Amino acid sequence: MSSLAAKRLGMNRRPAGSGGGGGEAATWGHRFWRPQERPTDRNQGEMAHTCRGTINLSTAHIDTEDSCGILLTSGARSYHLKASSEVDRQQWITALELAKAKAVRVMNTHSDDSGDDDEATTPADKSELHHTLKNLSLKLDDLSTCNDLIAKHGAALQRSLTELDGLKIPSESGEKLKVVNERATLFRITSNAMINACRDFLELAEIHSRKWQRALQYEQEQRVHLEETIEQLAKQHNSLERAFHSAPGRPANPSKSFIEGSLLTPKGEDSEEDEDTEYFDAMEDSTSFITVITEAKEDSRKAEGSTGTSSVDWSSADNVLDGASLVPKGSSKVKRRVRIPNKPNYSLNLWSIMKNCIGRELSRIPMPVNFNEPLSMLQRLTEDLEYHHLLDKAVHCTSSVEQMCLVAAFSVSSYSTTVHRIAKPFNPMLGETFELDRLDDMGLRSLCEQVSHHPPSAAHYVFSKHGWSLWQEITISSKFRGKYISIMPLGAIHLEFQASGNHYVWRKSTSTVHNIIVGKLWIDQSGDIEIVNHKTNDRCQLKFLPYSYFSKEAARKVTGVVSDSQGKAHYVLSGSWDEQMECSKVMHSSPSSPSSDGKQKTVYQTLSAKLLWKKYPLPENAENMYYFSELALTLNEHEEGVAPTDSRLRPDQRLMEKGRWDEANTEKQRLEEKQRLSRRRRLEACGPGSSCSSEEEKEADAYTPLWFEKRLDPLTGEMACVYKGGYWEAKEKQDWHMCPNIF
């Protein structure tokens, strides 16, 4: 914005709507300027020091209120200024009008280079612009009508005068008629001049109307962009200041031979709700344990006479862990697809949709398919089973702490598919299902059902022929914070091994999508996961370290400790949630000396690490196929015999996968309207005598899942949906009469 287009005013202003003498005047500047004194004559330093506000005079409206008052209107803001006298007010108005005219000229000089921009301004400004252009067009139509009338009546008058001139009349009357004729001729000449001027104005207005509209849009977009950029810079500057202040507490020269990790922090998950503290820009807390790699024989000699140590025979107890990540993928009798149509290159500004949704639940924001990937949330939930071989391997563990290592690796592996997956999965329709019948190659059967729409909740059950079963009900809670989106899966995940009876329970961490306003979108995982074996009371504490600008740690790092029911550490876990996980057996543990801040860490002496899990490489051309993994590419593949509510049969999702996004958006609106109609019918059926106090409770009371039922979880004390059976029997018989028509 040029300095001419952003004149500074150093007068006192009153808030719009306040009376002349009532209320406290808000000081807008530190000093007054005389009308003869141009702000542009001052240097930038003085301008910044003496002024607090700016007004774009090229689009401002200047008006008078009373003898000394001036009203400036700029967009939705009104400024009431008061001069010292009526003469002073007139000088100010003259100076402001001259400055405005000069600013408009400067803006018009550069407007031709701005180009046509399809990005819309704010709805209020756009409506006001269209209203102004409409009024101008009406006025031009009026001028054109007057032009036609003047020409018509002028010609008629000339004809009448010509006829009168041909009549035989007395000489005195002839002189008067001659005078009238001369005046009519002058009127005709004047009218023709006015008609020509109106015609020229009409042509000029038509030529420049598009130029004016483009210039107004350009200035408005520049102002909005500048405001957003300044807000973004202010947030980043605040984060950098907080990080700088916390920097002295960090270790000065950490040893490269140590592998550092951290356990649960006292803040817990409630820190996610602290919107004044952006955890992903802050410095990490001091690590709470240190691991040192040692040799087995050397450590055995040290452990013989020491107290407070724990040593385990590393060579004999870990044959199951050896090569746990090297299990080959099963071969399927059915040929699965290895690619899908490439993602179309459609550009759409996410911020243009999300900027009015700050603080809202993400599932309640209507969004086009342009921000989706062609998979539903049920399919994304099933995708967690990609590294099921870790659980197949864990079945054969004789040691519960060994088994815990593999379960922990499995829980981390479920995030590996999210590192590039910034697109949003489709919200399932209420009653939508998804099955994964892969007994032949994966040895498991999986079933998901959407059991609630608000809040969105999905129930999941997996049975493996290798001797384990997994079930969960996950409710997705998501908030748009303006700069990032937080996605918080709520609900417990249960895993049970039939042979040993070991029953593990854990919860998912928080996912965050960054750079919603500006920059490249990227995703991060953060928070703490505690895995508990409710049979043996073994525990694993996992810490997902959020990304920090100033952290010395590798990005996406995960650390953890596996301990038994007595609290004795057996394994230390380390790795990253997008690549691999390793475990190291603890041979010796001892407290370290207190640090300068008084905190004490535990030092674990461990054997060399063993690989638990390593991510499969992505398929060829994955960057053009939504970064889908090999399993994800097969999830939406058409299969015969599935339930009519299966996600594979969802029409908008199928159209999007084929690249027909416009048709997919139309179909998505149809499905959403159909679901809203079904919801209204259910709520109406929930009579006034019902005990439901809210719409969510009414909906939950009115809707009953088809394949799952609510039960009290004895381990967590929460109500959760668990599989009640019947789906695979119905599939075998191909009897789907009970399924609702949701598509």
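In the nomenclature of an unreviewed UniProt entry, the protein is known as Oxysterol-binding protein of Homo sapiens. Its UniProt record gives the protein the following Sequence similarities (unreviewed entry) comment, quoted word for word: "Belongs to the OSBP family." UniProt, in its Subcellular location (unreviewed entry) section for the protein, records the words "Membrane".

A. Layout of the overall build of the protein. Along the protein, the regular secondary structure elements total 15 helices and 25 strands. Across the 743 residues that make up the protein, the buried fraction comes to 45%. Put simply, of all contacts in the protein between residues at least 6 apart along the chain, 64% involve residues at least 24 apart. Put simply, the protein shows about 38,800 Å² of open surface, and 53% of that area lies on carbon and sulfur atoms.

B. Geometry of helix H13 (residues 661-685). Given a rise of 1.5 Å per residue, 25 residues ought to cover 36 Å, and the 36 Å separating the end C-alpha atoms of H13 matches this to within 8%. Those residues of H13 that fall on the buried side of the exposure criterion are Trp661, Ala664, Asn665, Glu667, Lys668, Leu671, Gln675, Arg682 and Leu683.

C. Layout of the side chain of Asp652. Secondary-structure assignment places Asp652 in helix H12 (residues 651-657). Overall, the relative accessible area of 0% leaves Asp652 in the buried class. Excluding anything up to four places from it in sequence, Asp652 contacts Phe426, Ala664, Glu667, Lys668 and Leu671.

D. Layout of helix H10 (residues 400-413). The end-to-end C-alpha separation of H10 is 20 Å, in line with the 20 Å expected for 14 residues at 1.5 Å each. Most of H10 sits inside the fold, with 13 of its 14 residues counted as buried.

E. Spatial organisation of the pattern of salt bridges. Across all of its chains, the model carries 27 salt bridges by this definition. Residue Arg336 pairs with Glu639 through a salt bridge whose shortest N-O separation is 3.0 Å. With Arg336 in the loop between helix H6 (314-317) and helix H7 (350-354) and Glu639 in the loop between helix H11 (630-635) and H12, the pair connects residues that are 303 residues apart, well separated along the chain. Neither Arg336 nor Glu639 differs from the other in exposure class; each is buried. Between Arg680 and Glu673 there is a salt bridge, with its nearest N and O atoms 3.6 Å apart.

F. Highlighting the nonpolar core. Core analysis: the largest hydrophobic core is formed by 70 residues, its most contacted members being Trp468, Leu495, Trp506, Ile531, Leu542 and Leu573. Looking at this core element by element, the count peaks at nine residues for H10. When neighbours within four sequence positions are excluded, Ile531 is seen to be in contact with Met404, Val407, Ala408, Ser411, Tyr504, Val505, Trp506, Asp538, Arg539, Cys540 and Leu542.

G. Summary view of the side chain of Thr382. Structurally, Thr382 is set in helix H8 (residues 377-382). Taking the relative accessible area as the measure of exposure, Thr382 reaches 0% and is therefore buried. Reaching out from Thr382, the side chain makes a polar contact with the backbone oxygen of Leu378 at a distance of 2.9 Å. With residues up to four places along the chain from it excluded, the contact list for Thr382 reads Phe434, Leu436, Ser446, Cys448 and His460.

H. Quick peek at the confidence of the model for the protein. Here the protein averages 76 in pLDDT, and 69% of its residues register 70 or above. Here residues 111-121 scores under 50 on pLDDT; set against residues more than four positions off or in separate chains, the count is 19 contacts. With pLDDT under 50 throughout, residues 298-317 is counted as low confidence; its partners more than four residues away or in other chains account for 29 contacts.

I. Just the packing of aromatic side chains, in detail. One pass over the structure, following the stated rule, counts twelve aromatic pairs. Taking the centre distance of 5.2 Å and the plane angle of 70 degrees together, the rings of Tyr415 and Phe544 count as edge-to-face. Of this pair, Tyr415 sits in the loop between H10 and strand E8 (424-426) while Phe544 sits in strand E18 (residues 539-544), placing them 129 residues apart in sequence. The pair Tyr415 / Phe544 is uniform in exposure class, with both members buried. The rings of Trp707, Tyr727, Trp728 and Trp736 are connected pair by pair, giving a single aromatic cluster.

J. Expanded view of a nonpolar patch on the surface. A cluster of nonpolar side chains, contributed by Leu240, Tyr547 and Tyr549, occupies part of the molecular surface with about 300 Å² of accessible area. Structurally, Leu240 is set in helix H4 (residues 171-246).

K. Up close: the pairing of strand E11 (residues 457-464). Taking burial as the measure, the eight residues of E11 include six buried ones, the bulk of the element. Linkage of strand E10 (residues 444-452) to E11, two consecutive antiparallel strands, is achieved through a turn of four residues. The pairing of E11 with strand E12 (residues 468-480) spans eight bridges and is antiparallel. Bridge pairing links Ala459 to Glu473 in E12. The antiparallel pairing of E11 with E12 creates a hairpin that spans three residues between the two strands, and Gly467 there sits at a positive phi of about 110 degrees.

Here is what the cut-offs are and how they apply
- Along every chain, residues carry numbers that run from 1 in the direction the sequence is written.
- Only residues with pLDDT of at least 70 are given local features in this predicted model, and only at 80 or more are side-chain atom pairs given and counted; all residues enter the totals for whole chains, interfaces and linings.
- By convention in this description, side-chain values take in all heavy atoms of the structure and omit both hydrogens and water.
- UniProt positions are given in the numbering used here, feature names are shortened, and annotations may be inferred rather than shown by experiment.
- Strands here are runs of E lasting at least two residues and helices are runs of H or I lasting at least four, both read from the DSSP assignment and numbered beginning at the N terminus.
- Each residue is assigned to one of three classes by its accessible area relative to the maximum for its type, calculated with a 1.4 Å probe on protein chains only: buried under 20%, partly exposed between the two thresholds, exposed over 50%.
- Should any heavy atoms of two residues lie within 4.5 Å, those residues are considered in contact.
- Accessibility throughout is a Shrake-Rupley quantity obtained with a 1.4 Å probe, and a residue counts as covered only by protein chains that appear here.
- One fewer than the residue count of a helix, multiplied by 1.5 Å, yields its expected span.
- We define a salt bridge as a side-chain nitrogen of Lys or Arg found within 4 Å of a carboxyl oxygen belonging to Asp or Glu.
- Only buried residues count toward a nonpolar core. Its members are Ala, Val, Leu, Ile, Met, Phe, Trp, Tyr and Cys residues joined through side-chain atoms within 4.5 Å.
- Within 3.5 Å is the distance limit for a polar contact, defined as a pair of N or O atoms, with the added protein rule that one can donate a hydrogen and the other accept it, and that residues adjacent in sequence qualify only through two side-chain atoms.
- The quantity called pLDDT is the predictor's confidence in a given residue, expressed from 0 to 100.
- The rule is short: rings of Phe, Tyr and Trp, with Trp giving its six-membered ring, pair when the centres are within 6.5 Å, and they are stacked under 30 degrees, edge-to-face over 60, tilted in between.
- Patches in this entry comprise residues that are over 30% relatively accessible and not in a salt bridge; like charges within 9 Å are linked, as are nonpolar side chains (Val, Leu, Ile, Met, Phe, Trp, Tyr) within 5 Å.
- DSSP bridges decide pairing: two strands pair if at least two such bridges lie between them.

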